[in-house]
Amino acid sequence: QVQLVESGGGWVQAGGSLRLSCAASGRIFRRNTMGWYRQAPGKQRELVATITSDGSTNYADSLKGRFTISRDNAKNTVYLQMNSLKPEDTAVYYCNLAWVLLSSSFNSWGQGTQVTVSS
């Protein structure tokens, strides 16, 4: 019932910037957390950043200062501004929407968007 569509991935040279977007549609509860995760080849999926519906953010320590997460609640859209990109940022980036209903946790994932950073 919830769909997430990511966009904005692509190829960029080291030091460049990209902005990812993720639009959510369907039955979306007002109180939720949207976030970005990434998975590099041969590695586990890892947290990039999350943002709650009231604007509280959480970042992976290694990415603080280079990545910025934001959201537009009216559009049910979350953004990830990525600056000073490094080859090690190359990964598939996944959008996530998480919410709690009747004490149970739920989450939905996007299909992922590839980010490739060349040296």
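Residues numbered from 1 in each chain as written. Predicted model: local features only at pLDDT ≥ 70, side-chain atom pairs only at ≥ 80, totals over all residues. Heavy atoms only, no water.

Peer 1: Would you mind going over the side chain of Glu-6 with me for this structure?
Peer 2: Structurally, Glu-6 is set in strand S1 (residues 2-7). Nearest to the buried, unbridged Glu-6 among oppositely charged side chains is Arg-45, at 7.7 Å. Polar contacts involving the side chain of Glu-6 include one to the main-chain amide nitrogen of Cys-95, which spans 2.7 Å. In terms of polar contacts, Glu-6 uses its side chain to reach the backbone amide nitrogen of Gln-111, at 3.0 Å. For Glu-6, the contacting residues outside a window of four places in its chain are Ser-21, Cys-22, Trp-36, Tyr-93, Tyr-94, Cys-95, Gly-110, Gln-111, Gly-112 and Thr-113. (Helix = DSSP H or I, 4+ residues; strand = E, 2+ residues; numbered from the N terminus. Buried < 20%, exposed > 50% of the residue type's maximum accessible area, 1.4 Å probe, protein only. Lys, Arg positive; Asp, Glu negative; His and termini not counted. Salt bridge = Lys/Arg side-chain N within 4 Å of Asp/Glu carboxyl O. Polar contact = N/O pair within 3.5 Å; in protein donor to acceptor, adjacent residues only side chain to side chain. Contact = heavy atoms within 4.5 Å.)

Peer 1: Quick question: what am I supposed to make of the sheet that holds strand S7 (residues 67-72) here?
Peer 2: Within a sheet, neighbouring strands are paired by backbone hydrogen bonds and run either parallel or antiparallel to one another. Taken in spatial order, the four strands of this open sheet run S1-S3-S8-S7, and their pairing is antiparallel. Whereas interior strands pair on both sides, the edge strands pair on one side only; in this sheet they are S1 and S7. Within the sheet, the average angular offset between the axes of one strand and its neighbour, ignoring direction, is 15°. (Pairing = 2+ DSSP bridges. Axes fitted to C-alpha atoms, helices over the stretch in contact; angles between N-to-C directions.)

Peer 1: I tried to follow the packing of aromatic side chains on my own but got confused; where do I start?
Peer 2: How two aromatic rings sit relative to each other is set out by the distance from centre to centre and by the angle between their planes. A complete count under the given rule lists three aromatic pairs for this structure. Ring centres 5.9 Å apart and planes at 15° place the aromatic pair Trp-99 and Phe-106 in the stacked group. You can call Trp-99 buried: its relative accessible area is 14%. Joined through ring pairs, the aromatic side chains of Phe-29, Trp-99 and Phe-106 make up one cluster. Cation over ring: Arg-19 sits above Tyr-79, and NZ or CZ is 4.1 Å from the ring centre. The lysine or arginine in question, Arg-45, covers the ring of Trp-109, its NZ or CZ lying 4.6 Å from the ring centre. (Phe/Tyr/Trp six-rings, centres within 6.5 Å; stacked < 30°, edge-to-face > 60°. Lys NZ or Arg CZ within 6 Å of the ring centre and 35° of its normal.)

Peer 1: Looking at this structure, how should I read the environment of Asp-72?
Peer 2: With respect to the helices, strands and loops of the structure, Asp-72 is situated in strand S7. Assessed through its relative accessible area of 23%, Asp-72 is described here as partly exposed. Through-space distance from the C-alpha of Asp-72 to that of Phe-29 is 14 Å; in sequence the pair is 43 residues apart. With residues near it in sequence (within four places) discarded, Asp-72 still touches Thr-77 and Tyr-79. A polar side-chain atom of Asp-72 sits 3.0 Å from the main-chain amide nitrogen of Ala-74.

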